[in-house]
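Coordinate inspection notes
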Amino acid sequence: MSRLASEAAAAKRRQHAVVCAALGDETRLSLVAALAAGEPRSIVELSGGAKITRQAITKHLRVLEQAGIVHCLRAGRHSLFRFDPAPMHELEDYLRRVSEQWDEVLARLKSLVEG
Amino acid sequence: MQNEIEKRLELKAPVARVWRALTDHREFGSWFRVNIESPFVPGQMAQGQITYPGYEHLRWQAVIQKMEPERLFSFTWHPYAVDPKHDYSHETPTLVQFRLEETATGTLLVLTESGFDKLPDERRADALRMNDGGWTEQMKNIERHVAAG
């Protein structure tokens with residue numbers, strides 16, 4: 001595998017790690033997957049087919065809302081939930097920057113020991 | 001699943017040479033770009049003035065964790081601690097580990113940095129703000145250089 005390809009693979013692994021760390025729960029992960037696919041959804045839509053109660057779904061959505069990963073929109077008497085990728089992107093960007101800084105630092109270490 | 005950075009680097013140098021470059025505070029300072037004031041001792045803080053151009057006004061600090069000769073060197077620190085007015089000491093530091101393995105051609109260095117999930121959100125925002133076009137461009141140049149070499 002080329003250096004760039006392995007870097008890309010490593011970046012992808014990191015991205016998954018970040019997403020999982022931010023969510024840390026299988027139910028929330030599936031809620032995010034459902035919302036990330038497109039339109040804002042209601043709790044009723046999100047709980048369709050799920051084995052857990054609407055109350056439990058609501059609780060999970062509130063956790064995601066606190067993390068800024070979903071936002072709640074009022075539509076008449078209903079609440080709709082919308083996905084927001086920004087917090088995840090921000091964390092990814094941060095890790096990418098730290099990672100790039102290590103590349104630079106380690107390149108200097110390499111020149112020193114191989115010189 | 002872990003929330004960490006991992007780098008693997010093949011070095012054409014004996015393990016003993018790499019170990020010295022990592023743990024001799026003067027050698028470490030030469031590639032890490034920091035003027036470290038005293039030898040590394042596990043459990044103790046290491047510090048010095050950053051020598052990287054543009055960041056010379058900043059202090060560098062880390063707490064040395066493990067020094068297992070020619071195998072493992074580790075420290076904890078606060079990455080991107082770039083605001084001299086900000087007190088980072090109450091934040092959970094990240095853990096940096098350098099692991100060495102002898103190979104047929106020299107040494108395999110595996111670097112990991114972990115614990116980013118514990119950084120407060122405001123600090124991640126800081127890290128984004130400190131970035132500018134010039135810095136990004138420079139990173140790319142170095143990456144191209146390393147990839148070509």
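Okay, so let's go over this structure. (Residues numbered from 1 in each chain as written. Chains lettered and ligands numbered in written order. Predicted model: local features only at pLDDT ≥ 70, side-chain atom pairs only at ≥ 80, totals over all residues. Heavy atoms only, no water.)

Some thoughts on the environment of V44(A)
All names here are of chain A. Looking at where V44 falls in the secondary structure, it is placed in helix α3 (residues 43-47). Looking at V44, the relative accessible area reads 46%, which means it is partly exposed. On a C-alpha basis, the gap between V44 and R54 in space is 7.2 Å, while along the polypeptide they are ten residues apart. (Helix = DSSP H or I, 4+ residues; strand = E, 2+ residues; numbered from the N terminus. Buried < 20%, exposed > 50% of the residue type's maximum accessible area, 1.4 Å probe, protein only.)

Focus on the nonpolar core
Membership of the largest hydrophobic core comes to 39 residues, with the highest contact counts inside it found for W102(A), F28(B), W60(B), F75(B) and F98(B). The greatest single-element share of this core, amounting to eight residues, is contributed by helix α5 (residues 86-114) of chain A. By size, the runner-up hydrophobic cluster in this structure holds 13 residues, among which are V32(A), I57(A), L64(A) and M88(A). (Core = buried A, V, L, I, M, F, W, Y, C linked by side-chain atoms within 4.5 Å.)

Some thoughts on helix α2 (residues 25-32) of chain B
Residue and element names in this part refer to chain B. The buried count for α2 comes to six of eight residues, which makes it a mostly enclosed element. Listing the buried residues of α2 in full gives H25, E27, F28, G29, W31 and F32. A distance of 2.9 Å separates the backbone nitrogen of R26 from a side-chain oxygen at the start of α2, and that oxygen is part of D24. Following α2 by one or two positions, R33 adopts a phi angle in the positive range, close to 65 degrees. (Polar contact = N/O pair within 3.5 Å; in protein donor to acceptor, adjacent residues only side chain to side chain.)

Comments concerning the packing of helix α2 (residues 26-36) of chain A against helix α4 (residues 54-66) of chain A
Residues and elements named next belong to chain A. The interhelical angle for the contact between α2 and α4, taken along N-to-C directions, is 75 degrees, at an axis separation of 10 Å. Put simply, α2 runs roughly perpendicular to α4. Contacts between α2 and α4 involve T27, R28, L31, V32 and L35 on the former and, on the latter, I57, H60, L61, V63 and L64. (Axes fitted to C-alpha atoms, helices over the stretch in contact; angles between N-to-C directions. Parallel < 35°, antiparallel > 145°, perpendicular 65-115°, else oblique. Contact = heavy atoms within 4.5 Å.)

Structural notes on the sheet that holds strand β2 (residues 34-36) of chain B
Residue and element names in this part refer to chain B. An order of β1-β7-β6-β5-β4-β3-β2 is seen for the seven strands of this open sheet, with the pairing classed as antiparallel. Of all strands in the sheet, those with a lone pairing partner are β1 (4-11) and β2, marking the two edges. Between one strand axis and the next, the sheet turns through 25 degrees on average, direction left out of account. Across the face of the sheet, helix α1 (residues 15-23) comes into contact with β1, β4 (59-68), β5 (72-77), β6 (94-102) and β7 (107-114) while running at roughly 160 degrees to β6. Together, β2, β4, β5 and β6 form the strand contacts of α2, whose direction differs from that of β2 by roughly 165 degrees. (Pairing = 2+ DSSP bridges.)

Considering the side chain of T76(B)
Residues and elements named next belong to chain B. You can see T76 is positioned in strand β5. Within the structure, the side chain of T76 is placed 3.0 Å from the side chain of Q65, a separation counted as a polar contact. Non-local contacts of T76, meaning those with residues more than four positions away in its chain, are made with A62, V63, Q65, P93, T94 and L95.

Section: the packing of aromatic side chains
On inspection of all chains with the given rule, the structure shows 22 aromatic pairs over all chains. For the ring pair F40(B) and F73(B), a centre distance of 5.5 Å and an interplane angle of 20 degrees mean the geometry is stacked. Taken as a pair, F40(B) in the loop between β2 and β3 (45-50) and F73(B) in strand β5 lie far apart in primary sequence, 33 residues in all. Clustering of aromatic rings is evident, with ring pairs tying together W102(A), F28(B), W31(B), F32(B), F40(B), W60(B), F73(B), F75(B), W77(B) and F98(B). (Phe/Tyr/Trp six-rings, centres within 6.5 Å; stacked < 30°, edge-to-face > 60°.)

Things to note about the pattern of salt bridges
Any two side chains of opposite charge can pair, given that their charged atoms come close. Taken as a whole and assessed by the stated rule, the structure comprises eleven salt bridges over all chains. Ionic pairing is found between R108(A) and E104(A), a salt bridge with its closest N-O pair at 3.3 Å. Taken as a pair, R108(A) and E104(A) lie in helix α5 at a separation of four residues, close to a single helical turn. The class for R108(A) is buried, based on a relative accessible area of 16%. The exposure class of E104(A) is buried, given its relative accessible area of 6%. Across the salt bridge formed by R71(B) and E68(B), the nearest N and O atoms sit 2.6 Å from each other. By relative accessible area, which is 26% here, E68(B) ends up partly exposed. Look at the salt bridges and you will find they share partners, linking R17(B), R20(B) and E27(B) into a network. (Salt bridge = Lys/Arg side-chain N within 4 Å of Asp/Glu carboxyl O.)

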